[in-house]
There are 2 protein chains.
Amino acid sequence: MAQNRTQSDHDAVSELTTGRLSVYLRCLAHLESAGQHTVSSAELAERFHLNSAQIRKDLAYFGEFGTRGVGYNVSRLKEHLVRELGIDRNRNVVIAGAGNLGMALADYRGFNDNGFQIAALVDVDPAKIGRMSRSGIPVLALTELPRIVGERRVEIGIIAVPAGAAQDVYAAFVAAGVTAILNFAPAQLRAHEHVKIKSVDLRINLELLSFYLKGVEDDTA
Amino acid sequence: MAQNRTQSDHDAVSELTTGRLSVYLRCLAHLESAGQHTVSSAELAERFHLNSAQIRKDLAYFGEFGTRGVGYNVSRLKEHLVRELGIDRNRNVVIAGAGNLGMALADYRGFNDNGFQIAALVDVDPAKIGRMSRSGIPVLALTELPRIVGERRVEIGIIAVPAGAAQDVYAAFVAAGVTAILNFAPAQLRAHEHVKIKSVDLRINLELLSFYLKGVEDDTA
């Protein structure tokens with residue numbers, strides 16, 4: 001079944017679904033490390049505050065139906081999700097911008113293991129070029145981007161520069177052949193066809209906490 | 001209607017719904033700044049790649065039904081969402097950890113405006129205490145946390161310390177009276193009742209891009 005899906009099917013899988021696959025993967029890794037061999041959708045939902053009908057629907061879409069009365073095989077399902085997410089092989093990453101954010105991302109757990117490898121940071125500031133992040137990622141000149149992308153087969157570019165420089169850096173990534181961009185700059189990028197952009201807006205997390213605090217206030221008002 | 005909802009109703013609104021309210025808010029701010037006065041759910045869905053039925057359902061839950069043939073009033077709906085998210089007043093924030101991540105967050109756009117104000121960074125490293133972030137947020141000693149939280153009525157704590165220090169910092173926030181925590185440390189925190197924790201996992205964004213890249217590969221294989 002999985003083999004018969006086409007690129008347009010793949011495109012139709014929303015970011016929300018992909019995000020849920022990532023969440024399921026973390027839950028399964030947790031269960032696997034605790035030595036659990038099988039899990040039902042109901043138990044997954046209960047333990048990790050998820051929706052069991054949604055879990056069954058999402059997994060069935062990817063060809064996983066579980067066994068009635070037994071549930072899913074934890075390790076097999078985990079490996080399946082790793083393959084579906086395309087992290088069963090290494091993807092090389094370059095971070096543009098070696099300021100606080102770029103340096104933090106270079107050393108961020110999960111950005112440089114299990115499917116992702118940060119080849120380099122790049123920057124235009126001569127004071128930063130030649131340095132290294134704490135974990136040893138080198139800071140190279142932005143002008144070296146085409147060479148790095150070619151030699152290291154870099155697929156993902158991370159934009160961690162000020163908003164005013166984001167569009168130029170985006171253009172440099174695209175010109176070098178990078179086809180997937182993670183954008184942390186608060187800038188609306190004019191996108192090229194065939195290049196996927198995912199913009200991260202960390203403020204949404206604070207708004208979620210504010211919504212929680214407001215609920216408490218309304219209750220005690 | 002909104003007044004009759006209870007705290008348990010409020011709790012039942014999932015993080016996903018809250019996240020969508022934040023997304024709608026950004027879309028409406030964009031339309032408002034472009035001078036647009038009304039918008040239909042269909043147009044919102046079309047322009048911002050959302051689901052129109054989901055939009056109507058989410059907004060109806062918060063008492064907004066729009067006008068048939070006209071749609072929603074952009075400014076009125078935006079103000080309504082600002083109030084629902086509880087960002088129509090200032091909430092003070094402290095960031096624990098003045099390393100690259102904490103410094104980046106202190107200067108991150110959206111973390112120190114429109115409803116949020118960063119009172120201080122705190123750290124245990126004498127070399128960092130007394131410094132300031134680029135935007136002028138001071139780094140104070142962690143031991144000063146109770147005083148800062150009391151004097152500035154801090155409601156939100158951000159954990160940007162290494163995983164090994166996260167639980168202690170969490171306990172310090174809770175002891176000082178902070179009731180909402182944004183956690184960037186890759187650590188599973190033992191939570192207190194009546195304290196809301198939102199953990200941020202930036203790797204999910206990379207997995208989403210990997211899923212996209214895999215779709216392209218499958219298509220060209």
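Everything discussed here concerns the structure shown above.
All values reported here derive from a predicted model rather than from experimental measurement.

Engineer: Explanation requested: the sheet that holds strand 7 (residues 180-183) of chain B in the structure shown.
Structural biologist: In any sheet, the strands associate via hydrogen bonds between backbone groups, in a parallel or an antiparallel arrangement. Residue and element names in this part refer to chain B. Ordered in space as 5-4-3-6-7-8, the six strands form an open sheet in which the pairing is parallel. Each edge of the sheet is formed by a strand with only one pairing partner; in this case those strands are strand 5 (139-141) and strand 8 (196-199). Across the sheet, the mean angle from the axis of one strand to that of its neighbour is 30°, orientation sign disregarded.

Engineer: What's the story with the interface of chain A and chain B in this structure? I'm lost.
Structural biologist: Accessible area lost upon the coming together of the parts is a frequently used measure of interface size. Across the boundary between the two partners, chain A contributes 63 residues, which contact 63 residues of chain B. Together, the buried faces of chain A and chain B total about 6,200 Å²; carbon and sulfur atoms form 65% of this surface. Put simply, chain A and chain B have 10 salt bridges between them. Across the salt bridge formed by E207(A) and R26(B), the nearest N and O atoms sit 3.3 Å from each other. The interface formed by chain A and chain B includes 31 residue pairs in polar contact (both at pLDDT 80 or more). Of all the secondary-structure elements, those providing two or more residues to the side of chain A that touches chain B are helix 1 (7-12), helix 2 (15-33), helix 5 (74-84), helix 6 (100-106), strand 6 (154-159), strand 7 (180-183), strand 8 (196-199) and helix 9 (203-220) of chain A.

Engineer: Explain the relation of the copies chain A and chain B to me, please; I cannot follow it from the model alone.
Structural biologist: Both copies of the chain are tied together by a single rotation about an axis and a shift running along it. Of the two same-sequence chains, chain A is brought onto chain B (RMSD 0.0 Å, axial shift 0.0 Å) by a rotation of 180°. Such a combination of rotation and displacement between the chain copies is what one expects of a two-fold axis. No C-alpha of chain A approaches the rotation axis more nearly than that of N100(A), which lies at 2.3 Å. Both copies share a contact surface, since 100% of the interface residues of chain A are interface residues in chain B too.

The rules behind each value
Residues numbered from 1 in each chain as written. Chains lettered and ligands numbered in written order. Predicted model: local features only at pLDDT ≥ 70, side-chain atom pairs only at ≥ 80, totals over all residues. Heavy atoms only, no water. Pairing = 2+ DSSP bridges. Helix = DSSP H or I, 4+ residues; strand = E, 2+ residues; numbered from the N terminus. Axes fitted to C-alpha atoms, helices over the stretch in contact; angles between N-to-C directions. Contact = heavy atoms within 4.5 Å. Buried area = accessible area lost by both parts, 1.4 Å probe. Salt bridge = Lys/Arg side-chain N within 4 Å of Asp/Glu carboxyl O. Polar contact = N/O pair within 3.5 Å; in protein donor to acceptor, adjacent residues only side chain to side chain. Least-squares fit on C-alpha atoms with pLDDT ≥ 70 in both.

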